[in-house]
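# A closer look at the structure
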Amino acid sequence: MQVLKFGGSSVANAENIKKVIAIVGQAIEKEKSSKSNQKTIVVVSALGGITDLLLSAASLAAIGDEGFKEKLVIIEQRHLEAVKDLIPIANQSHLLSEVKKMCNEIEDICNGIFLLKELTPRSKDRIASYGELLSSQIIAAAFNANNINTQWKDAKEIIVTNSNYTAAEVDFLETNKRIKEYFDKVHVALFLLPGFIAADHLGITTTLGRGGSDFTAAIIASALEADKLEIWTDVSGMMTADPRMTANAKIIPAISYKEAMELSHFGAKVIYPPTIQPVMGKGIPVWIKNTFAPEDAGTLIETASVVNGNIVRGISSINNIALISLEGSGMIGIPGFSKRLFEALSNEKINVILITQSSSEHSICVGIDASMVQKAKQVVDEAFANEIALQKVEPLKVEDGLSIVALVGENMKNHTGVSGRMFTAMGKNGVNIRAIAQGSSEKNISAVISTQDVRKAINVLHEEFFETTYKQVNLFIIGTGNVGARLLAQLEKQLEFLKKNLRLQIRIVGLSNSRNRLIDEEGIDLKNWKKLLEQSEQANLQQYVEEIIKRNLRNTVFVDVTANDIVASKYHQLLKKSISVVACNKIAASSAFQNYKELKQLAREYHCQFLFETNVGAGLPVIATINDLVQSGDSVHQIKAVLSGTLNFVFNNYDGSRTFAEVVQQAQDEGYTEPDPRLDLGGTDVMRKIMILAREAGVKMEMEEITNHSFMPANCMTGTVDDFYHEMKKEEAHFQKLLKQADDAGCKLKFVASYQEGKASVGLEHIHPSHDLYHLYGKDNVVLFYTDRYKEQPLVIKGAGAGAEVTASGVFADIIRASKV
């Protein structure tokens with residue numbers, strides 16, 4: 001014997017019902033081939049959306065809104081259309097009359113509600129029951145029209161409950177007796193029943209709660225000790241997480257009854273929570289199958305937990321949770337407080353979803369449905385009014401806007417560190433945990449978090465426990481100029497390499513420049529990013545940052561490839577949301593020391609990264625090296641460096657054959673200078689760099705403390721960039737003199753940054769051929785570190801220190817570092 005249940009989406013319309021008929025037909029044939037004269041029982045829900053329409057019509061009628069009549073018209077039309085699409089014309093009249101009759105009854109009841117302006121739970125159940133009564137009779141007729149002999153049976157006649165309308169409790173003794181009696185005496189291959197509905201001992205209609213059709217099927221399967229129960233829905237089984245939350249959710253091939261109950265209780269909508277209980281006692285296997293992909297294996301629910309290598313079986317969540325906390329010093333060591341709290345809640349039928357209590361007994365915290373908060377506060381404050389007045393207990397504290405995220409799996413009890421991994425993964429992504437609960441059976445670990453963090457938390461946990469293959473990293477990039485464009489090109493080229501070799505799935509989710517901004521959570525097509533960005537909405541930095549925070553994606557990295565001070569001012573907002581910042585922009589790291597220190601501290605506090613390797617030496621590992629030295633216990637005493645690829649390029653190419661202005665123009669044309677070359681030539685950029693290195697070495701330093709021996713005439717440093725070039729041409733004799741003095745001394749001109757024992761300076765120096773800085777060509781940078789370990793012979797880092805390609809590669813390297821945290 002087999003019991004099959006089909007949900008609302010499976011019977012939403014005639015097309016879907018034809019799929020159901022085909023599935024049941026095959027099931028009957030299989031049953032016949034295995035055993036003789038076996039029965040198949042089908043339980044169906046209302047047509048998809050009909051129950052909501054019925055209850056909506058009743059609610060409108062109760063407030064005197066005649067709009068309920070429009071809802072009734074839609075309900076009648078949908079059922080009449082289903083009859084016409086499923087039943088041959090010659091056989092339609094009787095069924096059309098029956099549908100019309102029931103629709104008239106619905107209208108009569110709604111008219112009564114309209115007149116009374118009252119909708120009782122009993123009336124709600126009566127109205128809601130018509131959805132299943134209508135659908136089941138139409139579907140039974142459709143089976144018969146397809147030459148599948150089908151017996152329709154009203155579930156109200158065999159499932160008996162108490163009179164707790166809208167959530168009736170089953171009288172299993174009487175129900176099991178009636179089910180056995182009926183199915184023992186009637187002999188057909190196929191029975192079809194409406195789910196969800198029942199009747200009390202007086203024959204008055206009741207319902208088993210939303211999702212009760214699953215329960216109906218389980219009740220019948222248990223009573224008849226069926227060989228199996230199949231729940232047919234619109235997904236191919238229970239999943240490791242809600243696929244609407246995480247795109248990488250996987251089908252769970254097999255799961256235990258207890259695990260399935262935990263997952264369904266904590267929000268997994270594939271199966272109604274009470275469904276498991278009746279079949280679990282009889283050891284009846286339950287299959288979750290997909291009406292729209294019947295060939296898919298689905299999920300098998302049975303007694304034993306199948307070991308499949310995963311510690312966790314699934315992740316689920318419940319929204320609309322509120323925490324209520326009873327606190328007070330008067331609770332410590334005094335028995336009975338918990339009893340009184342739960343008694344007060346129970347008397348008002350307020351269900352407790354989660355409980356946690358501190359070992360000090362100073363507080364008890366429980367999670368309840370957010371809709372019950374006001375009632376809970378009222379009754380608890382009344383119950384403890386005396387203690388509150390004596391200040392032994394504080395008035396009930398309420399915190400809403402919360403959700404529960406739960407890990408479920410019987411195998412968790414055999415592994416240490418599961419909780420630690422759960423909390424660490426969420427903590428690294430800025431998900432704050434408000435309360436924790438774990439039973440001694442260790443089948444469930446629950447955490448209460450902000451509702452706005454649920455999506456991120458589920459994705460983070462799914463990645464931690466199920467996606468051993470890839471870590472998804474979401475990039476939001478600002479700045480698409482020379483360096484930004486090269487970075488995007490490098491990312492496009494390396495995406496597959498990173499996925500294959502580093503297990504990193506990098507997605508560029510956001511792009512912005514000074515004109516436009518673009519966000520696509522599925523990832524921006526890097527082959528077409530320019531066109532997509534041009535066609536996107538107007539740029540607005542604050543809105544871009546707010547959108548990044550609002551999206552709340554896991555493993556988010558903000559990449560600043562600008563030189564904009566306003567962009568740098570947004571880092572605080574992002575770091576406080578556990579969003580890592582990779583900055584090509586030097587402004588933040590070279591800002592006031594207090595700001596620099598605060599940014600570093602925020603990154604530590606919120607478990608994210610603030611990286612700026614390209615601030616010094618473009619793609620050279622200068623900052624990484626100094627960090628390694630300091631972290632391994634070395635002390636930096638002196639730094640000598642040529643830190644401007646621009647100035648090195650200029651002085652390597654200025655030989656007197658061309659004017660100094662022409663060489664600078666060439667440097668700008670080839671992308672070696674800042675947008676305003678005076679930042680390079682005036683020494684400001686080099687001052688920033690040596691200050692950043694000093695700070696990374698552990699020294700508190702401000703820009704005003706650095707001595708700048710500028711070689712540029714003052715008149716060149718005012719006005720516009722055009723004025724700058726014009727004035728430089730006039731000062732050619734000055735530059736020729738500097739060159740001649742160096743030549744006469746047998747030296748080269750290098751703009752050198754120096755740091756020694758807390759003091760820093762920058763300026764033009766004559767470099768002798770024997771010096772480590774002499775053999776430096778093109779746009780190269782060189783940094784010499786003199787430390788406790790490198791006293792006489794310095795640690796030297798040398799290479800290209802300017803250019804869009806190498807700078808982009810340095811930003812790329814920082815992105816990978818941020819992704820690995």
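What counts and what doesn't
Sequence positions are assigned chain by chain, starting from 1 and proceeding in written order. Where totals are concerned, whole chains, interfaces and linings use all residues; where local detail is concerned, this predicted model gives features only for residues with pLDDT of at least 70, and gives and counts side-chain atom pairs only at 80 or more. The side-chain values count all of the structure's non-hydrogen atoms but skip hydrogen atoms and water molecules. Starting at the N terminus, helices and strands are each numbered in turn, a helix being any DSSP run of H or I of at least four residues and a strand any DSSP run of E of at least two. One less than the number of residues in a helix, times 1.5 Å, gives the span that helix is expected to have. Strands pair, by our definition, only if DSSP identifies at least two bridges between them. All axes are obtained by fitting lines to C-alpha atoms, using only the stretch in contact for helices, and the reported angles, taken between N-to-C directions, cover 0 to 180 degrees. Any two residues whose heavy atoms approach within 4.5 Å are treated as being in contact. Values of pLDDT, ranging from 0 to 100, describe the predictor's confidence in every residue of the model. Two rings from Phe, Tyr or Trp (for Trp, the six-membered ring) form a pair when their centres sit within 6.5 Å of each other. Planes less than 30 degrees apart are called stacked, planes more than 60 degrees apart edge-to-face, and all others tilted. Three labels apply to residues, based on accessible area from a 1.4 Å probe with only protein chains included: buried if under 20% of the type maximum, exposed if over 50%, partly exposed otherwise in between. Throughout this description, the term charge over a ring refers to an Arg CZ or Lys NZ atom that lies within 6 Å of the ring centre and within 35 degrees of the ring normal. Whether a crossover is right-handed comes down to one check: with the strands pointing away from the viewer, does the path from the first strand over the helix to the second run clockwise; if it does, it is right-handed. Whenever a carboxyl oxygen of Asp or Glu lies within 4 Å of a side-chain nitrogen of Lys or Arg, that contact is scored as a salt bridge. Comment on the angle field: the value is read as roughly parallel under 35 degrees, roughly antiparallel over 145, roughly perpendicular from 65 to 115, and oblique elsewhere. For any helix crossing, the convention is left-handed if the near helix is rotated counterclockwise from the far helix by under a right angle, and right-handed if that rotation is clockwise. The classification used treats Ala, Val, Leu, Ile, Met, Phe, Trp, Tyr, Cys and Pro as nonpolar, Asp, Glu, Lys and Arg as charged, and all other residues, Gly among them, as polar. Throughout, nonpolar core names a set of buried Ala, Val, Leu, Ile, Met, Phe, Trp, Tyr and Cys residues whose side chains join them through atoms within 4.5 Å. Each direction from the helix axis to a C-beta atom contributes to the arc, which is the arc of those directions. Whenever a nitrogen or oxygen atom comes within 3.5 Å of another N or O atom, the pair is scored as a polar contact, on the condition that within protein one atom can donate a hydrogen and the other can accept it, and that pairs from neighbouring residues in sequence are kept only if both atoms are in side chains.

Quick look at helix 5 (residues 121-145) now. Taking 1.5 Å per residue as the helical rise, helix 5 with its 25 residues ought to reach 36 Å, and the 37 Å between its terminal C-alpha atoms agrees with that figure. Backbone geometry just downstream of helix 5 places Asn147 in the positive-phi region, at approximately 65°.

Reading across from one edge, 3-5-2-1-8-10-11-9 is the order of the eight strands in this open sheet, with mixed pairing throughout. The outermost strands of the open sheet, each flanked by one partner alone, are strand 3 (150-152) and strand 9 (254-256). This sheet shows a mean twist of 20° between the axes of neighbouring strands, independent of strand direction. Direction of pairing for strand 1 (residues 2-6) relative to strand 8 (residues 228-233): parallel, over a ladder of five bridges. Residue pairing in the sheet places Phe6 in a bridge with Trp232 of strand 8. Strands in contact with helix 5 are strand 2 (40-44), strand 3 and strand 5 (190-194); relative to strand 5, the strand with the most contacts, it is inclined by about 160°. In the packing of helix 7 (residues 212-224) onto the sheet, the strands contacted are strand 1, strand 2, strand 5 and strand 8, and the crossing angle to strand 2 comes to about 160°.

Another aspect to go through is the sheet that holds strand 21 (residues 537-538). Remark on secondary structure: sheet strands pair via backbone hydrogen bonds, oriented parallel or antiparallel. Strand order across the open sheet formed by seven strands is 21-20-19-18-22-23-24, with mixed pairing between neighbours. With partners counted over all chains shown, the strands left at the sheet margins are strand 21 and strand 24 (610-611), one partner each. As judged from the four bridges shared by strand 22 (residues 556-560) and strand 23 (residues 580-583), these two strands associate in the parallel manner. Bridge pairing in strand 23 links Val557 to Ser580. Contacts from helix 17 (residues 541-551) reach strand 18 (471-478), strand 19 (504-512), strand 20 (516-519) and strand 22 within the one sheet, and its direction differs from that of strand 20 by about 10°.

Okay, the confidence of the model for the chain next. On average, the chain scores 92 in pLDDT, and the residues at 70 or more come to 97%. Across the chain, the secondary-structure element scoring lowest on mean pLDDT is helix 8 (residues 257-265), at 85, and the one scoring highest is strand 4 (residues 160-161), at 98.

Taken as a whole and assessed by the stated rule, the structure comprises 19 aromatic pairs. Pairing Phe6 with Trp232 gives two aromatic rings, centres 5.8 Å apart and planes at 20°, and the pair type is stacked. Taken together, the residues Phe6 in strand 1 and Trp232 in strand 8 connect sequence positions 226 residues apart. Judged by its relative accessible area of 0%, Phe6 is buried. Measuring from ring centre to ring centre gives 6.2 Å for Phe660 and Phe711, while their planes differ by 85°; the resulting arrangement is edge-to-face. Of the two residues, Phe660 sits in helix 23 (residues 660-669) while Phe711 sits in the loop between strand 26 (706-709) and helix 26 (721-730), which places them 51 residues apart along the sequence. Joined through ring pairs, the aromatic side chains of Phe651, Tyr654, Phe660, Phe711, Phe735 and Phe751 make up one cluster. Directly above the aromatic system of Phe114 lies the positively charged group of Lys117, at a separation of 4.6 Å from the ring centroid.

Among the eight residues of strand 18, eight are classified as buried, and the element is accordingly described as predominantly covered. Burial along strand 18 is two-sided: Lys471, Val473, Leu475 and Ile477 facing one way and Gln472, Asn474, Phe476 and Ile478 facing the other are all buried. For strand 18 and strand 19, the ladder comprises eight bridges, and the chain directions are parallel. Directly across from Gln472, in strand 19, lies its bridge partner Gln505. With respect to chirality, the unit in which strand 18 leads through helix 15 (residues 482-502) into the neighbouring parallel strand 19 is right-handed. In the sheet, strand 18 pairs with strand 22 via five bridges, with the strands oriented parallel. Considered in strand 22, the bridge of Ile478 is made with Asp560.

The next point concerns the pattern of salt bridges. Scanning the model with the defined rule gives 31 salt bridges in all. When the shortest N-O distance is used, the salt bridge between Asp214 and Lys5 registers 2.8 Å. Note that Asp214 is positioned in helix 7 and Lys5 in strand 1, a separation of 209 residues in sequence. For Asp214, a relative accessible area of 4% corresponds to the buried category.

This part takes up the packing of helix 22 (residues 645-653) against helix 23. Angle between the axes and distance between the axes are the two parameters that describe a pair of packed helices. The contact between helix 22 and helix 23 brings their axes to 9 Å, and the two run at 135°. Taken as axis vectors, helix 22 and helix 23 run oblique relative to one another. Regarding helix 22 and helix 23, the two cross each other, and that crossing is right-handed. Contacts between helix 22 and helix 23 pair Thr646, Phe649, Val650, Phe651 and Asn653 from the former with Phe660, Val663, Val664, Gln666 and Ala667 from the latter. In terms of residue class, the contact of helix 22 with helix 23 is made up of seven nonpolar, three polar and no charged.

Among the structural elements, Gln601 can be located in helix 20 (residues 593-605). The exposure class assigned to Gln601 is partly exposed, which follows from its relative accessible area of 38%. Taking the C-alpha atoms as reference points, Gln601 and Cys103, 498 residues apart in sequence, are found 67 Å from one another.

Another point: the nonpolar core. Most often, soluble globular proteins keep nonpolar side chains buried together rather than apart. With 100 residues, the main nonpolar core has Phe6, Phe183, Met238 and Ile301 as its most contacted residues. Top element by residues in this core is helix 5. It accounts for 10 residues. Formed by 81 residues, the second largest nonpolar core is a distinct cluster that contains Ala589, Val636, Leu739 and Ala802.

Further remarks concern helix 17. The set of residues buried in helix 17 consists of Tyr544, Val545 and Ile548. Seen end-on, helix 17 carries its buried residues on one side only, within an arc spanning 95°. For helix 17, the elements touching its buried residues are strand 18, strand 19, strand 20, strand 22 and helix 19 (571-575). By the N-cap criterion, in which a side-chain oxygen at the helix start approaches the backbone nitrogen of a residue two or three places on, helix 17 is capped by Asn540, the distance to Gln542 being 3.3 Å. Downstream of helix 17 by one or two residues, Asn552 has phi in the positive range, about 55°.

With respect to the helices, strands and loops of the structure, Ser512 is situated in strand 19. Residue classification places Ser512 among the buried positions, given a relative accessible area of 2%. If near-sequence neighbours (up to four positions away) are discounted, Ser512 is found in contact with Ile477, Ile478, Gly479, Thr480, Arg517, Ala539 and Tyr544.

Moving on: the packing of helix 13 (residues 418-428) against helix 14 (residues 454-465). For the pair helix 13 and helix 14, interaxial distance at closest approach is 9 Å and the crossing angle is 135°. Judged by the inter-axis angle, helix 13 sits oblique to helix 14. As helix 13 runs across helix 14, the sense of the crossing is right-handed. Between helix 13 and helix 14, the residues in contact are Val418, Arg421, Met422, Ala425 and Met426 and Ala457, Val460, Leu461, Glu464 and Phe465, respectively. Of the residues assigned to the contact of helix 13 with helix 14, the class counts are eight nonpolar, no polar and two charged.

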